[in-house]
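Residues per chain are reported as follows:
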Amino acid sequence: MRHDVRTGTLLRIWRKDDAAKALVSALLSFGCTALFALYHGYLWLSYGSVWHGSIGGFYLLLMAVRGSLLLTERNVRKRSAGERNLRRRRIFRISSVLLLGLDLVLILPVAMMALLAKPVYLGKIPSIAMAAYTTYKITMASIYIRRQRRHPDGNSLIAALRTVNFMDALVSVLTLQNTLIMVNGTESSQQELLPPTVLSSGVIYTAIVAITLRMLWKGWKQA
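Per chain, residues are indexed from 1 in the order of the written sequence. Local features in this predicted model are restricted to residues whose pLDDT is 70 or higher, and side-chain atom pairs enter the listing and the counts only when it is 80 or higher, whereas totals over whole chains, interfaces and linings include all residues. The side-chain figures draw on all heavy atoms in the structure; neither hydrogens nor water molecules are used.

Asks: Kindly report on the packing of helix α3 (residues 50-76) against helix α4 (residues 81-114), identifying the contributing residues and their values.
Replies: The interhelical angle for the contact between α3 and α4, taken along N-to-C directions, is 170°, at an axis separation of 9 Å. When the axes of α3 and α4 are compared, the pair comes out roughly antiparallel. Basically, the charged four are Asp, Glu, Lys and Arg, the nonpolar ten are Ala, Val, Leu, Ile, Met, Phe, Trp, Tyr, Cys and Pro, and anything else, Gly included, counts as polar. Across the contact of α3 with α4, the residue classes tally to 19 nonpolar, six polar and four charged. Only the contacting stretch of a helix is used when fitting its axis, a line to C-alpha atoms as for every element, and angles between N-to-C directions run 0 to 180 degrees. Helix and strand definitions here come from DSSP, where helices need a minimum of 4 consecutive H or I residues and strands a minimum of 2 consecutive E residues; each element is numbered from the N-terminal end. Just so you know how the angles are binned, under 35 degrees is roughly parallel, over 145 roughly antiparallel, 65 to 115 roughly perpendicular, and the rest oblique.

Asks: A description of the pattern of salt bridges should follow, citing residues and the corresponding values.
Replies: By convention in these notes, a salt bridge is any Lys or Arg side-chain nitrogen within 4 Å of a carboxyl oxygen on Asp or Glu. Under the definition given, this model contains two salt bridges. Its salt-bridge partner being Asp-168, residue Lys-137 comes within 3.3 Å of it at the nearest N-O pair. Here Lys-137 is found in helix α5 (residues 124-150), whereas its partner Asp-168 is found in helix α6 (residues 156-184), with 31 residues between them in sequence. Each of the two residues, Lys-137 as well as Asp-168, counts as buried. Overlapping salt bridges bring together Arg-66, Lys-137 and Asp-168 as one network. Each residue gets one of three labels from its accessible area relative to the maximum for its type: buried under 20%, exposed over 50%, partly exposed in between, using a 1.4 Å probe on protein chains only.

Asks: I'd like to hear about the packing of aromatic side chains, residue by residue, with values.
Replies: Here a pair means two rings of Phe, Tyr or Trp (six-membered ring of Trp) with centres within 6.5 Å. Their orientation is stacked below 30 degrees between planes, edge-to-face above 60, and tilted elsewhere. Throughout the structure, instances matching the rule amount to three aromatic pairs. Each ring, one from Phe-36 and one from Tyr-59, has its centre 5.4 Å from the other, and the planes form 40°; the classification is tilted. Highlighted residues: Phe-36 in helix α2 (residues 18-47) and Tyr-59 in helix α3, separated in sequence by 23 residues. What makes Tyr-59 buried here is its relative accessible area of 5%. Among the aromatic residues, ring-to-ring pairing joins Phe-36, Phe-58, Tyr-59 and Tyr-133 into one connected group. Two limits define a charge over a ring: the Lys NZ or Arg CZ must be within 6 Å of the ring centre, and within 35 degrees of the ring normal. The positively charged end of Lys-118 is found above the aromatic ring belonging to Trp-51, 4.7 Å away from the centroid.

Asks: Describe the environment of Tyr-144, and please don't skip the residues or the numbers.
Replies: With respect to the element layout, Tyr-144 can be found in helix α5. Considered as a pair, Tyr-144 and Phe-166 are 22 residues apart in the sequence and their alpha carbons are 8.9 Å apart.

Asks: Break down the layout of surface pockets for me, with residues and values.
Replies: A volume near 330 Å³ is recorded for the second largest pocket. Definitions used throughout: a 1 Å grid over protein atoms alone; a cavity as a set of points that fits a 1.4 Å probe which cannot get out; a pocket as an open set with protein on both sides within 12 Å along at least five of seven lines; a lining residue as one with an atom within 4 Å of a point. Taken together, 20 residues line the second largest pocket, and the ones lying closest to its centre are Phe-36, Tyr-39, His-40, Met-130 and Thr-175. Mapped onto the lining of the second largest pocket, the elements with two or more residues apiece are α2, α3, α5 and α6. Grid points are joined across faces, edges and corners, and a volume is the space filled by probe spheres set on the points.

Asks: Give me the lowdown on the nonpolar core, citing residues and values where you can.
Replies: Ranked by internal contacts, the top residues of the largest apolar core, which has 33 residues, are Ile-55, Phe-58, Leu-69, Leu-99, Leu-106 and Ile-208. Contributions of two or more residues to this core are made by α2, α3, α4, α6 and α8 (194-221). Contact partners of Ile-55, with chain neighbours within four places excluded, come to His-40, Leu-106, Pro-109 and Val-171. Note on terminology: a nonpolar core comprises buried Ala, Val, Leu, Ile, Met, Phe, Trp, Tyr and Cys residues joined through side-chain atoms within 4.5 Å. Contacts are assigned to residue pairs that have any heavy atoms within 4.5 Å of one another.

Asks: Any chance you could break down the confidence of the model for the protein for me, citing the residues and the numbers?
Replies: Residue-level pLDDT values for the protein average 79, and 82% of them are 70 or greater. pLDDT measures the predictor's confidence residue by residue and takes values from 0 up to 100. The secondary-structure element of the protein with the lowest mean pLDDT is helix α1 (residues 2-16), recorded at 49, while α8 shows the highest, at 87.

Asks: For the packing of α4 against α6, give the residues involved together with the corresponding values.
Replies: For the pair α4 and α6, the least separation of the axes is 11 Å and the interaxial angle reads 5°. In terms of orientation, α4 and α6 fall into the roughly parallel class. For the pair α4 and α6, contact is made by Arg-88, Arg-89, Ile-91, Phe-92, Leu-99, Asp-103, Leu-106, Val-110 and Met-113 and by Ser-156, Leu-157, Ala-160, Val-164, Met-167, Val-171, Leu-174, Thr-175 and Asn-178, respectively. Residue composition of the contact of α4 with α6, grouped by class: 12 nonpolar, three polar and three charged.

Asks: For unusual backbone geometry, give the residues involved together with the corresponding values.
Replies: Residues other than glycine seldom take positive phi values, yet Leu-116 does so here, at roughly 55°. By secondary structure assignment, the location of Leu-116 is in the loop between α4 and α5. By relative accessible area, Leu-116 is classed as buried at 12%.

Below is the structure:
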């Protein structure tokens, strides 16, 4: 009976605490990012693939940003309100600068995807699974961003984690677009799809850079 009461209480807290949801989501994403970094690192070493090496570097930097945000949020929970806010602002600013580095690292893999020069080692079934996972990522990231705008909680690190999740989801959309074209298309159809692929890749990359600059501006504004 007591166990059921505790479980019910935890579920009610979970439903109302968006910050807790964001932290758990970021922790799961951190684990997935580590797996992606290892996977692409393996393909880079096995095939000498420039694309996999560059996107692996992106995921390593993404791990560093997520890890610093999660570790800081975990450590500041028991601090005073003033010290909590000070540390959060400091890590927020550092993370914003690191995201600019991420944007620079992304130039090469995004350019290769736009030109359909990315190597593909997946079949149709793994591609479908990748599409489902990417849809989930972009849906959840969009939901949390909308909640953050409607009900801001003043926690800059939670806002940063949600922004990082959204940027990660956008990169997944680019990767999925390229994979589906390469797996399902013929050589002639790939050439026909090259102009819209370049356009969509440019639009998504511009959105990623704009999100980074907005986050950096907010970080230094809070200084």
